[in-house]
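Given next are the chains, with one letter for each unit.
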Amino acid sequence: MNGGVRFGALRRALVPITQHMLTAQLRELERDGLVARKVLAEKPLQVEYGLTNSAWGLTPAFRELLAWSKLYGPRRHAEAGETTLGAGLA
């Protein structure tokens, strides 16, 4: 949400995503009108992605999802592991 981001920077930020999966997701987001792809006139070819006006309208929802994931994401993973472990002991 801080302006355009190059493909390589996105990939590094989303480790362990594969190049194939990132490309597929970006194409889907572009098709849905949420991400704009901009080819920069540089050598080697550089591509930058940014949010569209439609996506900017969703930023309150994005922020809420991020806050929720910070609050419940790691705990939920830990609870799921405990549930699986506990089921094996019963």
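Note: the structure precedes this text.
Treat the numbers as computed from the prediction; the structure is a model and nothing was measured.

Observations regarding the pairing of strand S3 (residues 46–51)
Item 1. Sheet analysis places strand S1 (residues 5–6) next to S3, joined by 2 bridges and oriented antiparallel. Bridge assignment links Val5 to a residue of S3, and that residue is Tyr49.

Focus: the pattern of salt bridges
Item 1. Within the structure shown, the criterion is met by 1 salt bridge.
Item 2. Put simply, Glu42 and Arg6 hold a salt bridge, and the shortest N to O gap is 3.2 Å. You can see Glu42 sitting in the loop between strand S2 (35–40) and S3 and its partner Arg6 sitting in strand S1, a full 36 residues away along the chain.
Item 3. Judged by its relative accessible area of 32%, Arg6 falls in the partly exposed class.

Regarding unusual backbone geometry
Item 1. A cis amide bond links Val15 to the next residue, Pro16, at an omega of 15°.
Item 2. In this structure, Pro16 sits in the loop between helix H1 (7–13) and helix H2 (19–31).
Item 3. Omega for the peptide link from Lys43 to Pro44 comes to -5°, which places this bond in the cis form.
Item 4. Relative to the assigned elements, Pro44 resides in the loop between S2 and S3.

Rules of the game
One numbering rule holds for all chains: residues counted from 1, following each sequence as written. Two thresholds apply to this predicted model, a pLDDT of at least 70 for residue-level local features and 80 or more for giving and counting side-chain atom pairs, whereas whole-chain, interface and lining totals are computed over all residues. Excluding hydrogens and water, the side-chain figures rest on all heavy atoms present in the structure. If DSSP finds at least two bridges between two strands, the strands pair. Strands here are runs of E lasting at least two residues and helices are runs of H or I lasting at least four, both read from the DSSP assignment and numbered beginning at the N terminus. Throughout this description, the term salt bridge denotes a Lys or Arg side-chain nitrogen within 4 Å of a carboxyl oxygen of Asp or Glu. When accessible area is computed with a 1.4 Å probe and restricted to protein chains, residues below 20% of their type maximum are described as buried, those above 50% as exposed, and intermediate ones as partly exposed.

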